Amino acid sequence: MTVIVTGGARGIGLACTRQLLERGERVVVVDQDVAPLDRTLQEFRLTEGLDRLVAVSGDVADTSVLSEACELARGVDGVVACAGISRPGPTLTYPRGAWDAMIEINLSAVFETFRVALPVFTEGASFVAISSISGSQGFSGRAAYSATKAGVEGLVRSLAIEYAPRIRVNAVSPGYIMTDLVRQNLSRGVIDENEILDRTPMGRWGEASDIADAVEFLLSPKSSWITGSVLTVDGGWTALGLGGSDRAPRS
Ligand code: NDP
């Protein structure tokens, strides 16, 4: 299987890249900076399989970069559209340029990744976009980010209908995962590590590999009757009603 992973050099995308290589798949990574990729994978002692890794450096908002990835893939069995940015800020003063960049990278690039890959998708291919719990839940200061992720969820539903049964299209909606993207928000004081932990029924932060596991399932034939779905992987975060104040007895 050949899988394109956008944003595959760091964070959640890197976990997907690693896991796919470990499973013996061929992976084409598209990321702004792919230079550290080989070194990182070697740190994971994943030297075997690096010959199945193709890296394309560039911006996912640039369709020529996506075309290059598709050419190098030579037939695409799966796509993980993971590249994304998060720039929280108050709505009143939120720069229009930041809104536009968010739409461009988090939403338009997902649409274009699908379109560019369309001619080279193999029969039964699977496209998985990475959404966020912000796509279905409200968060202060996240209007732009939430709009893009809600957009991604609408996009996968409609693409799934348009391209069934040839291509399956789904999304994974992660809760809080400790990656560079989240570390930046922690250091800016936008989110609080312990508050999130307290509010997570499963009692721990998510790991990038938790999301990679869900992605792997949606790429595999084990999910062959699943399309147009959003799979929430958040340790129970969105299912919780009363938040930290819920102290009902547990058996
Ligand atoms: P990271 O910032 O750790 O990794 C994202 C990767 O995507 C980086 O390598 C980044 O490159 C790359 N990237 C960003 N913009 C572009 C671009 N325009 N072109 C090419 N590559 C780009 O983020 P995460 O792993 O945390 O997030 C991955 C996805 O998961 C995102 O879509 C995010 O919205 C989503 N998500 C994350 C959650 C979390 O808690 N971490 C929760 C819910 C959703 P560089 O760093 O060089 O910019």
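Owing to the predicted nature of the structure, the values given are computational and were not obtained by experimental measurement.

## Digging into the site of the ligand
Line of reasoning, step 1. Residues in contact with the ligand amount to 27 residues; listed here are only the nearest, Arg10, Asp31, Tyr145, Ile177 and Thr179.
Line of reasoning, step 2. Within the side chain of Asp31, an N or O atom sits 2.8 Å from an oxygen atom of the ligand.
Line of reasoning, step 3. The side chain of Asp59 places a nitrogen or oxygen atom 2.8 Å from a nitrogen atom of the ligand.
Line of reasoning, step 4. Burial of the ligand by the protein amounts to 92% of the accessible area it has alone, namely 890 Å².
Line of reasoning, step 5. Looking at the shell around the ligand, the elements that each hand over two or more residues are α1 (11–22), α5 (143–163) and α6 (180–187).
Line of reasoning, step 6. In terms of residue count, the dominant contributor to the shell around the ligand is α6 (three residues).
Line of reasoning, step 7. Across the shell around the ligand, the residue classes break down as 13 nonpolar, nine polar and five charged.

## Brief notes about unusual backbone geometry
Line of reasoning, step 1. The step from Ala164 to Pro165 runs through a cis peptide bond, and the omega angle for that step is 0°.
Line of reasoning, step 2. Mapping Pro165 onto the fold places it in the loop between α5 and β6 (167–174).
Line of reasoning, step 3. A positive phi angle is found at Arg74, which is not glycine, with a value near 55°.
Line of reasoning, step 4. With respect to the element layout, Arg74 can be found in the loop between α3 (63–73) and β4 (76–81).

## A closer look at the packing of aromatic side chains
Line of reasoning, step 1. Summed over the entire model, instances satisfying the criterion amount to six aromatic pairs.
Line of reasoning, step 2. Between Phe114 and Tyr163 the ring centres are 5.2 Å apart and the planes differ by 55°, which places this aromatic pair in the tilted class. Here Phe114, found in helix α4 (residues 96–117), pairs with Tyr163, found in helix α5; they are 49 residues apart in sequence, far enough to count as distant.
Line of reasoning, step 3. Put simply, the rings of Phe114, Phe121, Phe127 and Tyr163 pair up and form one aromatic cluster.
Line of reasoning, step 4. It is Arg199 that lies over the ring of Trp237; its NZ or CZ is 3.8 Å from the centre.

## Some remarks on the pattern of salt bridges
Line of reasoning, step 1. Throughout the structure, instances matching the rule amount to seven salt bridges.
Line of reasoning, step 2. Measuring nitrogen to oxygen at the nearest pair gives 3.0 Å for the salt bridge that ties Arg115 to Glu112. Separated by three residues within a single helix, Arg115 and Glu112 lie in helix α4, roughly one turn from each other.
Line of reasoning, step 3. For the salt bridge of Asp180 with Arg183, the shortest nitrogen-to-oxygen distance reads 2.8 Å. Residue Asp180 and its partner Arg183 are located together in helix α6, separated by three residues, close to a single helical turn.
Line of reasoning, step 4. Under the relative-accessibility criterion, Asp180 is labelled partly exposed at 33%.
Line of reasoning, step 5. One salt-bridge network, in which partners are shared between bridges, spans Arg10, Asp180 and Arg183.

Calculation criteria
Residues numbered from 1 in each chain as written. Predicted model: local features only at pLDDT ≥ 70, side-chain atom pairs only at ≥ 80, totals over all residues. Heavy atoms only, no water. Near = heavy atom within 4 Å. Polar contact = N/O pair within 3.5 Å; in protein donor to acceptor, adjacent residues only side chain to side chain. Areas by Shrake-Rupley, 256 points an atom, 1.4 Å probe, with all protein chains shown as cover. Helix = DSSP H or I, 4+ residues; strand = E, 2+ residues; numbered from the N terminus. Nonpolar A, V, L, I, M, F, W, Y, C, P; charged D, E, K, R; others polar. Phe/Tyr/Trp six-rings, centres within 6.5 Å; stacked < 30°, edge-to-face > 60°. Lys NZ or Arg CZ within 6 Å of the ring centre and 35° of its normal. Salt bridge = Lys/Arg side-chain N within 4 Å of Asp/Glu carboxyl O. Buried < 20%, exposed > 50% of the residue type's maximum accessible area, 1.4 Å probe, protein only.

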